[in-house]
Amino acid sequence: MEDIKAIIKLLSKQKVKQIEILSEESKLSEKSLSLYNGIKEGSITNDDEASAFLYNDDRNNPIYRVLKHRFKERLINTLFFIDVQAYGKSAHQKALNRNLRNWAASQILLNKGLSTAAISIMETTLKSTIKFDMIELSLLILKDLKMHYGLYNYNKKKYEKYKNQWLKISHINQLKAEAEELYISTGHILETKKSTKYDSRIKKYELRLVELNKQALKIDSYYFRYYVYISNYIINMIKRDYKKQQEISKEALIYFKTKKGFNNYGVASFQQINGIIELNLKKYDLALSSFLKCLDFKPLEGRLYWQAIYNYIFLIHILKREYDQAYKILSYIINHKSFKNIYSDFKQHWFLKEAFIQFLVGVGKIQPDKIKAQKLRPFRITRFINEIPALTADKRGYNVSIHIVHLLFLIIDEKYDVLIDKLDSLKQYSFRYLKSEEYTRARTFIKMLLMIPKYDYHTKTILTKTKNLHQKLMDTPMDFSEQAMSIEIIPYEQLWEEVMGLLELI
């Protein structure tokens, strides 16, 4: 059902009612039309609802399954009638849609024995696929053109031309595939965060990239260069070589800005990377400027890039202690019309941010009545826990933030007996799940929190006894990867100040 819903959503945006293949005027059966309208309007969301509505039965009804299959086939057919010129933000995207359609049409013609028409379409399409670096599609077309002019309709000049193009693009494709594999390998290390040391494996990747870098300077290939640039950036991110990261980002931005007509993926990616580098260098105003430039690309609301950019903007306001601005960002995201459609796991991270912002409200650092933004809903710890089931069950570190925020509200509510039990469970959690180096800051902060009841909530004594731990926290830089920022919502140094300030008032 999800695939059908996605196609209908796309076709609805394309004003499909003007297409005779599928419209109110087309010869759809009554039940097919009811299924189409039900899914389009949202009254049908899954197979059980569809079958119950149409046949008063569940999804296993054989008649429903036949109807669904035929209906899906008709929807797929309708995709070929989309106005590909209207559907696409960039010249590259429009060309991709048009070229894919034309290639599919050429294959149908070839299969019917109409080779002259098919070859004519492919030769025209090839110019566009080469121009926009559509390597895989170019190779498919060139394979057929080589065969046609080398065997079926021999033309030595054209055969040599297409053979040489095929050899050249095959070489680029091989290099691109290798660079892509390096990106996958280095990116996986970064995402899992199990090991980010500059070890022999990373050195091996780096050595291979030296050769790929030389090739990239000679070859004007958008996607090959993207994978080389991004892999280089990741390796230097692991090495914490910020100077080299800046050099890579600058070079990448210069290159991708010259690729007029292409999508903004390369520029947008490295504009974001620029902001991350500036964050690590504590140049918060420059970082904010970089992330605001990312919004100029008009990312699709609710999508991952859109969320990521606002995630960084939120963090910068937190780091600058501009808590009112952070409140505005959070209010904008959570109350946005697209928020209800955000994938559940990502939505839960925003609920986690909401809990920490509500803590700042609770200690008086944010006064919602004085902020021009839609108010956040009143905070309830039980509802918060129920809204983040995936994070609650997680054992990779996200759970630590839930423990911490729960503990903070116990301090606000002066529930000290429960607080002691919560600290004990937090201590056990830290011992069991936060052993690796990447959780050094979280472990250190938890040790500091454990001092609160030990020294009877006496702030001066607590501050004295946690002096070395606090210094260790300061000496361990905050990680600005998206995974780490989903764990440490407010830097622990700042959170510690708020906790001590709160104890002073008790």
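Residues numbered from 1 in each chain as written. Predicted model: local features only at pLDDT ≥ 70, side-chain atom pairs only at ≥ 80, totals over all residues. Heavy atoms only, no water.

Draft legend 1. Main features of the nonpolar core. In terms of nonpolar packing, the biggest core is built from 130 residues, with Phe 270, Leu 279, Ile 357 and Ile 404 touching the most fellow members. Top contributing element to this core by residue count: helix H10 (residues 222–238), with 13 residues. The residues contacting Phe 270, other than those within four sequence positions of it, are Tyr 226, Tyr 229, Ile 230, Ile 248, Ser 249, Ala 252, Leu 253 and Phe 256. Ranked by size, the runner-up nonpolar core spans twelve residues in total, among them Met 1, Leu 35, Tyr 36 and Leu 54. (Core = buried A, V, L, I, M, F, W, Y, C linked by side-chain atoms within 4.5 Å. Buried < 20%, exposed > 50% of the residue type's maximum accessible area, 1.4 Å probe, protein only. Helix = DSSP H or I, 4+ residues; strand = E, 2+ residues; numbered from the N terminus. Contact = heavy atoms within 4.5 Å.)

Draft legend 2. Geometry of the environment of Ile 254. Inspection of the secondary structure assignment puts Ile 254 in helix H11 (residues 242–257). The exposure class assigned to Ile 254 is exposed, which follows from its relative accessible area of 54%. For the pair Ile 254 and Val 267, spaced 13 residues apart in sequence, the C-alpha separation works out to 8.7 Å.

Draft legend 3. Expanded view of the side chain of Lys 259. Along the polypeptide, Lys 259 turns up in the loop between H11 and helix H12 (265–280). A polar contact is formed between the side chain of Lys 259 and the side chain of Asp 220, at a distance of 3.0 Å. Excluding residues within four positions of it along the chain, Lys 259 makes contact with Asp 220 and Tyr 222. (Polar contact = N/O pair within 3.5 Å; in protein donor to acceptor, adjacent residues only side chain to side chain.)

Draft legend 4. Region of the structure containing unusual backbone geometry. In the Ramachandran plot, Lys 298 falls in the positive-phi region, its phi being about 50 degrees despite a non-glycine side chain. The residue Lys 298 is located in the loop between helix H13 (284–295) and helix H14 (304–319) in this model. Despite not being glycine, Arg 321 shows a phi value in the positive range, around 60 degrees. Turning to its location among the elements, Arg 321 is positioned in the loop between H14 and helix H15 (323–334). For Arg 321, a relative accessible area of 41% corresponds to the partly exposed category.

Draft legend 5. Just empty space enclosed by the protein, in detail. Applying the stated criterion across every chain yields a total of one cavity of 30 Å³ or more. Space inside the largest cavity adds up to approximately 30 Å³. Taken together, Phe 356, Ser 401, Ile 404, Ile 487, Glu 488, Ile 489, Ile 490, Tyr 492 and Leu 495 make up the lining of the largest cavity. Listed by contribution, the elements that provide at least two residues to the lining of the largest cavity are helix H19 (398–412) and helix H25 (492–505). Of the residues in the lining of the largest cavity, the class split is seven nonpolar, one polar and one charged. (1 Å grid on protein atoms, 1.4 Å probe; cavity = no way out; pocket = protein on both sides within 12 Å on 5 of 7 lines; lining within 4 Å. Points joined across faces, edges and corners; volume = space filled by probe spheres on them. Nonpolar A, V, L, I, M, F, W, Y, C, P; charged D, E, K, R; others polar.)

Draft legend 6. Representation of the pattern of salt bridges in the model. Summed over all chains, the structure comprises 20 salt bridges. A salt bridge links Glu 206 to Lys 239, with the shortest nitrogen-to-oxygen separation between them at 3.0 Å. In this pair, Glu 206 sits in helix H9 (residues 200–218) while Lys 239 sits in the loop between H10 and H11, placing the two residues 33 residues apart along the sequence. When its relative accessible area of 32% is taken as the criterion, Lys 239 is described as partly exposed. For Arg 377, the salt bridge goes to Glu 354, with nearest N and O atoms at 3.0 Å. With Arg 377 in the loop between helix H16 (344–362) and helix H17 (381–387) and Glu 354 in helix H16, this pair connects stretches of sequence that are 23 residues apart. Overlapping salt bridges bring together Asp 47, Asp 48, Arg 59 and Lys 68 as one network. (Salt bridge = Lys/Arg side-chain N within 4 Å of Asp/Glu carboxyl O.)

Draft legend 7. Spatial organisation of H16. Taking 1.5 Å per residue, 19 residues should reach 27 Å; H16 reaches 27 Å between its end C-alpha atoms and fits that length. Counting buried residues along H16, 14 of its 19 residues qualify, which places the element largely inside the surrounding structure. One or two positions beyond H16, positive phi appears at Gly 364, with a value near 85 degrees. (Expected span 1.5 Å × (residues − 1).)

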